[in-house]
Amino acid sequence: MTEAILLVGGKGTRLRPLTVHTPKPMVRAAGVPFLTHQLARARAAGVDHIVLATSYLAEVFEPYFGDGSALGLHIEYVTEDEPLGTGGAIRNVASRLTSAPDDPVLVFNGDILTGLDIGRLVATHETTGADVSLHLTQVTDPRAYGLVPTDGTGRVLAFLEKPQTPEEIVTDQINAGAYVFRRSVIDTIPPGRPVSVERETFPGLLSAGAHLQGMVDSTYWLDLGTPAAFVRGSADLVLGRAPSPAVPGRCGDRLILPTARVAPDAKLTGGTVVGEGAFVAEGARVFGSTILPGAVIEPGAVITDSLIGARARVGERSVLTGTVIGDGAVVGPDNELREGARVWCDARIPAGAVRFSSDQ
């Protein structure tokens, strides 16, 4: 069956403090490391051999996933000594591939949550005879992305980096971070140095006359690069809006993992996840949020669209909205934290120390 490369080497700097102790693909979404959802979807599409291209905190992956047999996969690990970029990472694992020169090899970015029809992307690649096929999605505001215009047959015409003016926005199609490479094309990427597929490999192939095919699939797609996006992605997995065979339970308003404890009158809605060993006390209200293993939510706390790190604690009556609390941090009682606040790992906020309103 089709082989795949998963690019999981990024530092996840935009997600800190979530990624201080944990590589981005291993941060839990809907109760399991996010990478689990990608692996399970690849397996469901017929992939049986996956090479993980690791770098940052590389030692975390193999102890968790092993050889992949628990997921019905054969997983191998290749670690970069120095970051090589997307193209360099692909080239760096090429020796582990077993495909013939004309066979398709799937490549996924490790921070995209998507409902992509993987089988359709592979079929498009094979029927069009492309050298590389790209998953494209349509977005309302493409300014933060690389644009990929195509002709009437889906053939890629250009790669346009983040547009700055209205005149530069010639399409709403963007590179969605999943590709199918003809195996032999991977060997043309220069080895041993940083290479960006987006800025070097793809434009170079295009200028050399290679056939790059785009397939627009505008099902669910979310870049999990920011804390707000990560929290939303986890909630969407729990709610069933984002498809994954790896969600450890039935889809619904909440997901409570084994050994978690939730007081009978606590209210959990909006795709909230409560991890193993966590505790949500009486009168607490949690909406669309992720409570990681071992965290404690004290009585009367109100948490919305936030992520509470492993072993962290949120004090009584504290109100958190759009906030990330790092592993082991403590937010004392009667605090208010609003959108964008990040509390670092093991930090301590005293009772009533941060507020956006009167304490009366």
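As the structure is a computational prediction, the values presented were derived from the model and not from experiment.

What counts as what
Residues numbered from 1 in each chain as written. Predicted model: local features only at pLDDT ≥ 70, side-chain atom pairs only at ≥ 80, totals over all residues. Heavy atoms only, no water. Core = buried A, V, L, I, M, F, W, Y, C linked by side-chain atoms within 4.5 Å. Buried < 20%, exposed > 50% of the residue type's maximum accessible area, 1.4 Å probe, protein only. Helix = DSSP H or I, 4+ residues; strand = E, 2+ residues; numbered from the N terminus. Contact = heavy atoms within 4.5 Å. Salt bridge = Lys/Arg side-chain N within 4 Å of Asp/Glu carboxyl O. 1 Å grid on protein atoms, 1.4 Å probe; cavity = no way out; pocket = protein on both sides within 12 Å on 5 of 7 lines; lining within 4 Å. Points joined across faces, edges and corners; volume = space filled by probe spheres on them. Nonpolar A, V, L, I, M, F, W, Y, C, P; charged D, E, K, R; others polar. Arc of directions from axis to C-beta. Polar contact = N/O pair within 3.5 Å; in protein donor to acceptor, adjacent residues only side chain to side chain.

1. With respect to the nonpolar core
Among soluble globular proteins, nonpolar side chains are generally buried collectively.
Item 1. If you look at the biggest cluster of nonpolar residues, it comprises 29 residues, and the most contacted ones within it are Ile5, Ile90, Val132, Leu134, Phe181, Phe202 and Leu212.
Item 2. Elements represented by at least two residues in this core include exactly β1 (3–7), β4 (49–54), α3 (85–92), β6 (104–109), β8 (132–138), β9 (173–182), α5 (183–186) and α6 (197–207).
Item 3. Residue contacts for Leu134: discarding those within four places in its chain leaves Leu121, Val156, Phe159, Asn175, Ala178, Tyr179, Phe202, Leu212, Gln213, Gly214 and Met215.

2. Looking at the pattern of salt bridges
Item 1. Per the counting criterion, the structure on display carries 15 salt bridges.
Item 2. Close ionic contact of Glu76 with Arg96 constitutes a salt bridge, the shortest N to O distance being 3.1 Å. Residue Glu76 is found in strand β5 (residues 74–79), and its partner Arg96 is found in the loop between α3 and β6; the two are separated by 20 residues along the sequence.
Item 3. Since its relative accessible area comes to 18%, Glu76 is described here as buried.

3. Notes on the layout of surface pockets
Item 1. When its volume is computed, the second largest pocket comes out at roughly 230 Å³.
Item 2. If you trace the second largest pocket, you find 14 residues lining it, with Thr22, Met26, Val27, Arg28 and Leu292 closest to the centre.
Item 3. A class-by-class count of the residues in the lining of the second largest pocket yields 9 nonpolar, 2 polar and 3 charged.

4. Side note on helix α4 (residues 118–128)
Item 1. By the burial criterion, the buried members of α4 are Ile118, Leu121, Val122, Thr124 and His125. In a view along the axis of α4, the buried residues occupy a sector of 155 degrees, so they form one face of it. With respect to the buried face of α4, the exposed residues turned more than 90 degrees away are Glu126 and Thr127.
Item 2. Against the buried residues of α4 lie α1 (34–44), β6, β8, β9 and β10 (212–216).
Item 3. With a side-chain oxygen lying 3.3 Å from the backbone nitrogen of Gly119, the N-terminal cap of α4 falls on Asp117.
Item 4. Immediately beyond the C-terminal end of α4, within one or two residues, lies Gly129, with a positive phi of roughly 70 degrees.

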